[in-house]
Amino acid sequence: MIPTSFKLAGIEVKVEKSDTLIKEKGIIGESIYTEQKIIIDTSHTPKESYEQTMYHELIHWIFFIMGEDKLRNNEKLVDMMGHLIYQYEKTKVFNEKLIEK
């Protein structure tokens, strides 16, 4: 599931769904920093692909907020971090006995 918005360091980032991004640009997701938004194409990909793309774009935003342009533009790093965080979110298991009260 992808959010409609979130905040990072006080900046609200809107998330919009698209059905033309793949056709027009050949990409599933895009961060537009000047408009404080992420666009995700949900029309031609499995749910897992566009959900993972959301994490990919989130990593771009985190590096943008940190002023780390070299890291932000490292697609290999951003993609791997997005995949790993997505996998964590989808596979985490809780054991009530281990959770401190």
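Please refer to the structure higher up on the page.
## Overview of helix 4 (residues 75-91)
And then number 1: Compared with the 24 Å implied by 1.5 Å per residue over 17 residues, the 24 Å span of helix 4 between its first and last C-alpha is a close match.
And then number 2: Elements in contact with the buried residues of helix 4: helix 2 (47-66) and helix 3 (69-72).

## What about unusual backbone geometry?
Glycine aside, negative phi is the norm for most residues, and most peptide bonds take the trans geometry.
And then number 1: Its identity as a non-glycine residue notwithstanding, Ala9 has a phi of 50 degrees, on the positive side.
And then number 2: Counting through the fold element by element, Ala9 comes out in the loop between strand 1 (5-8) and strand 2 (11-18).
And then number 3: One non-glycine residue, Gln36, lies in the positive phi region at around 50 degrees.

Scoring rules and cut-offs
- Residues numbered from 1 in each chain as written.
- Predicted model: local features only at pLDDT ≥ 70, side-chain atom pairs only at ≥ 80, totals over all residues.
- Heavy atoms only, no water.
- Helix = DSSP H or I, 4+ residues; strand = E, 2+ residues; numbered from the N terminus.
- Expected span 1.5 Å × (residues − 1).
- Contact = heavy atoms within 4.5 Å.

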